[in-house]
2 protein chains.
Amino acid sequence: MYDKKMSEKADLTQFEALAGACKALSHPARLTILQTLARRGTCICGEIVDILPLSQATVSQHLKILKEAGLITGEIDGPRSCYCIDGDAMRLLRGQLEQVFRSLEHCC
Amino acid sequence: MYDKKMSEKADLTQFEALAGACKALSHPARLTILQTLARRGTCICGEIVDILPLSQATVSQHLKILKEAGLITGEIDGPRSCYCIDGDAMRLLRGQLEQVFRSLEHCC
DNA sequence: TTTTCTTATCGTACATCGACGATGAACGAT
DNA sequence: ATCGTTCATCGTCGATGTACGATAAGAAAA
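Sequence order sets the numbering: in each chain, residues are counted from 1 along the sequence as written. As they are written, the chains are lettered A onward and the ligands numbered 1 onward, keeping that order. Only residues with pLDDT of at least 70 are given local features in this predicted model, and only at 80 or more are side-chain atom pairs given and counted; all residues enter the totals for whole chains, interfaces and linings. Heavy atoms from the whole structure form the basis of all side-chain values; hydrogens and water molecules are not counted.

Should any heavy atoms of two residues lie within 4.5 Å, those residues are counted as being in contact. Each partner contributes to the interface: chain B provides 46 residues, whereas chain A provides 46 residues. What gets called buried area is simply the loss in accessible area from a 1.4 Å probe that two parts show on being joined, summed for both. Carbon and sulfur atoms supply 70% of the area buried between chain B and chain A, which totals about 4100 Å² over both sides. When the buried area of chain B at its contact with chain A is split by residue, Leu12(B), Arg94(B) and Phe101(B) rank highest and sum to 17% of it. Whenever Lys or Arg places a side-chain nitrogen within 4 Å of a carboxyl oxygen from Asp or Glu, that contact is recorded as a salt bridge. The tally of links between chain B and chain A comes to four salt bridges.

This part takes up the relation of the copies chain B and chain A. Once chain B has been moved 0.0 Å along the axis and rotated by 180°, it coincides with chain A to within an RMSD of 0.1 Å. Such a combination of turn and shift is consistent with a two-fold rotation axis. Comparing contact sets, 100% of the residues at the interface of chain B also lie at the interface in chain A, consistent with an isologous, same-surface contact. Copy-to-copy alignment: least squares on C-alpha atoms, limited to residues at pLDDT 70 or above in both.

Where the model shows low pLDDT, its predicted coordinates should not be examined in detail. Residue and element names in this part refer to chain A. Every residue gets a pLDDT, meaning the predictor's confidence in that residue, from 0 to 100. Confidence in the prediction for chain A averages 90 pLDDT; 91% of positions are at 70 or higher. Strands are runs of DSSP state E lasting at least 2 residues, helices are runs of H or I lasting at least 4, and numbering of each runs from the N terminus. Per-element mean pLDDT across chain A ranges from 92 in strand 1 (residues 72-77) up to 98 in helix 1 (residues 16-25). Low pLDDT, under 50, characterises residues 1-6; the predicted model gives this stretch one contact beyond four residues in sequence or across chains.

Moving on, we come to helix 5 (residues 87-103) of chain B. A helix is expected to span 1.5 Å multiplied by its residue count minus one. Helix length check: helix 5 of chain B, at 17 residues, gives a terminal C-alpha distance of 24 Å against a target of 24 Å (1.5 Å per residue), a fit within 8%. Of the surrounding elements, those touching the buried residues of helix 5 of chain B are helix 5 (87-103) of chain A together with helix 1 (16-25), helix 2 (28-40) and strand 2 (80-85) of chain B. Whenever a nitrogen or oxygen atom comes within 3.5 Å of another N or O atom, the pair is scored as a polar contact, on the condition that within protein one atom can donate a hydrogen and the other can accept it, and that pairs from neighbouring residues in sequence are kept only if both atoms are in side chains. Sitting at the amino-terminal end of helix 5 of chain B is Asp86(B), which places a side-chain oxygen 3.2 Å from the backbone nitrogen of Asp88(B).

Our focus in this paragraph is the side chain of Thr32(A). Looking at the element boundaries, Thr32(A) is found in helix 2 (residues 28-40). Among residues more than four places away in sequence, those in contact with Thr32(A) are Leu52(A), Ala10(B), Leu12(B) and Phe15(B).

Here it is in structure tokens:
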């Protein structure tokens, strides 16, 4: 009936960025795209379409999601597009996740 | 017109488990729940509802998602439920993510 | 210019997510 | 047996995600 502790609600916004990055990783096709980009070393365009069992439109959409999440960069090179892993963003994400996992080490 | 390389399509199923775990992490409320469980050390029941700015039904739904993803365990203790981080699952996920990030170190 | 190749975007259809109120189930206490 | 508490589940609804074909936009090649 009465307020328990005068609303000490958690601030969810502090995790919004990390949650968004995890969402970008939360699809097999997008993880496969990242793996492919890393494996080829150099940037790749629509070879990804040939590799994935998905339509060109769907692949392009997944690439857009990864780009909007800041995990990859895309540059137009003539008639084709060249995508590349954003190393800085990836290292940042890696560090953030590592920090979370460290804080989660103390379980019951 | 002709098959480029006789269908060397990537197998997306190999990343399904990891993608599913990332999806479980891809919501601020769920990350906050994990942080709360870790912070309290001991298992927690519906105090989470008091902490999060969400309804009891919504919190229960997030807890279910985390449990189905195997990241937490839930035990019924009398009239209340006691949740706890699954340390083994968390370490496994941490290792898998670390492996992915290592393979992504070689960027352009 | 016209064609061809490559890629992005639009529109659509269906599935899933995220949030909530309401209800139900389980238990302790009266 | 009847409350009151705690929690899970149901049903609903709008928003978002996933997939595709079709189309548009751009540059190279004819």
